[in-house]
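Listed below are the residues making up each chain.
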Amino acid sequence: MAVTLSVNGQKHALSLDPRTTLLDALRETLRLTGTKKGCDHGQCGACTVLLDGVRINACLTLAVMHDNIPITTIEGVGGPDHLHALQQHFIDHDAFQCGYCTPGQICSALGMLGELKSGAASHVSAKLDGPHEASAAELRERMSGNLCRCAAYPNIIAAITDFAGKAA
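Residues numbered from 1 in each chain as written. Predicted model: local features only at pLDDT ≥ 70, side-chain atom pairs only at ≥ 80, totals over all residues. Heavy atoms only, no water.

1. Description of the overall build of the protein
Here is step 1: The helix and strand inventory of the protein stands at six helices and five strands.
Here is step 2: Ordered by position from the N terminus, the helices and strands of the protein form the series β-β-α-β-β-β-α-α-α-α-α.
Here is step 3: Taking 168 residues into account, the globule formula puts the C-alpha radius of gyration at 15 Å, and the protein, at 16 Å, falls close to it.
Here is step 4: Considering the protein as a whole, with its 168 residues, one finds that 45% of them fall into the buried category.
Here is step 5: Across the protein, every contact between residues at least 6 apart in sequence was considered, and the portion connecting residues at least 24 apart equals 55%.
Here is step 6: Within the structure as shown, the protein displays about 8500 Å² of accessible surface, and the carbon and sulfur contribution to it stands at 54%. (Helix = DSSP H or I, 4+ residues; strand = E, 2+ residues; numbered from the N terminus. Rg over C-alpha atoms; globule rule 2.2 N^0.38 Å. Buried < 20%, exposed > 50% of the residue type's maximum accessible area, 1.4 Å probe, protein only. Contact = heavy atoms within 4.5 Å. Areas by Shrake-Rupley, 256 points an atom, 1.4 Å probe, with all protein chains shown as cover.)

Following this line, the structure appears as structure tokens:
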């Protein structure tokens, strides 16, 4: 099937098998390997990308479903020469060890902070209408779909908390 993927501000006209996941299109076809394949079942969050600003697991969606919808991968968030402020906070707080989950953690955090700002409640929100504070409990709950096998969770929460305070 013909599809145009709009990834990190660039349009890519592709011909894909309709069964190709967005994750496989990003990694195998476009060679954007920052988005990781972890469990391939939507349980670890390593493949998290932003679809028009909303976080999604790229392993659970088909690429052809996202024709001309803005997709942001970690490569579009920032790179070595132009780090996003959240990436710098991850470095400052030593919020990674092996780094495998870090791209998904960062993309998820950016989407999650958008959810907080828009007023979307979580299971631990004190009220249903927002906006909600970026408390440690809120962040832990909202980031619970992103696993880190190195157990850098306290530093990840510290990095996001610091960023959220400065970005507000």
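2. Quick word on helix α3 (residues 85–92)
The α-helix winds at 3.6 residues per turn, so residues separated by three or four positions along the chain end up facing the same way.
Here is step 1: When α3 is considered as a whole, its buried residues turn out to be Leu86, Gln87, His89 and Phe90. Considered in projection along α3, the buried side chains sweep an arc of 160 degrees and stay on one side of the axis.
Here is step 2: At the C-terminal side of α3, Asp94 shows a positive phi close to 50 degrees. (Arc of directions from axis to C-beta.)

3. Some thoughts on the pattern of salt bridges
Here is step 1: Throughout the structure, instances matching the rule amount to seven salt bridges.
Here is step 2: The closest approach of N and O atoms between Arg19 and Asp17, which form a salt bridge, is 2.6 Å.
Here is step 3: The class for Arg19 is exposed, based on a relative accessible area of 67%.
Here is step 4: For Asp17, a relative accessible area of 33% gives the class partly exposed.
Here is step 5: With a shortest N-O distance of 3.7 Å, Arg142 and Glu115 are connected by a salt bridge. Note that Arg142 is positioned in helix α5 (residues 136–142) and Glu115 in helix α4 (residues 102–118), a separation of 27 residues in sequence.
Here is step 6: According to the relative accessible area criterion, Glu115 is partly exposed, its value standing at 23%.
Here is step 7: Within this structure, Arg55, Glu115, Glu138 and Arg142 form a network of salt bridges that share partners. (Salt bridge = Lys/Arg side-chain N within 4 Å of Asp/Glu carboxyl O.)

4. Description of unusual backbone geometry
Here is step 1: Notably, Asp52 is not glycine yet its phi reads approximately 55 degrees, a positive angle.
Here is step 2: Topologically, Asp52 is positioned in the loop between β3 (48–51) and β4 (54–57).
Here is step 3: Asp52 sits in the exposed class, given a relative accessible area of 57%.
Here is step 4: Even without being a glycine, Ala151 presents a positive backbone phi close to 65 degrees.
Here is step 5: Looking at the secondary structure, you find Ala151 in the loop between α5 and α6 (153–167).

5. Some details on the pairing of β3
Here is step 1: Burial along β3 is two-sided: the residues Thr48 and Leu50 and Val49 and Leu51 are all buried.
Here is step 2: Relative to β4, β3 is paired through four bridges, and the arrangement is antiparallel. Residue pairing for β4: Val49 is matched across the bridge by Ile56.
Here is step 3: A loop of two residues connects β3 with β4, the two strands running antiparallel in sequence, and Asp52 in this loop sits at a positive phi of about 55 degrees. (Pairing = 2+ DSSP bridges.)

6. Quick notes on the pairing of strand β1 (residues 2–7)
Here is step 1: As paired elements, β1 and strand β2 (residues 10–15) share six bridges and run antiparallel to each other. When the sheet's bridge partners are listed, Thr4 is paired in β2 with Ala13.
Here is step 2: What sits between β1 and β2 in their antiparallel hairpin is a turn of two residues, with Asn8 showing a positive phi close to 50 degrees.

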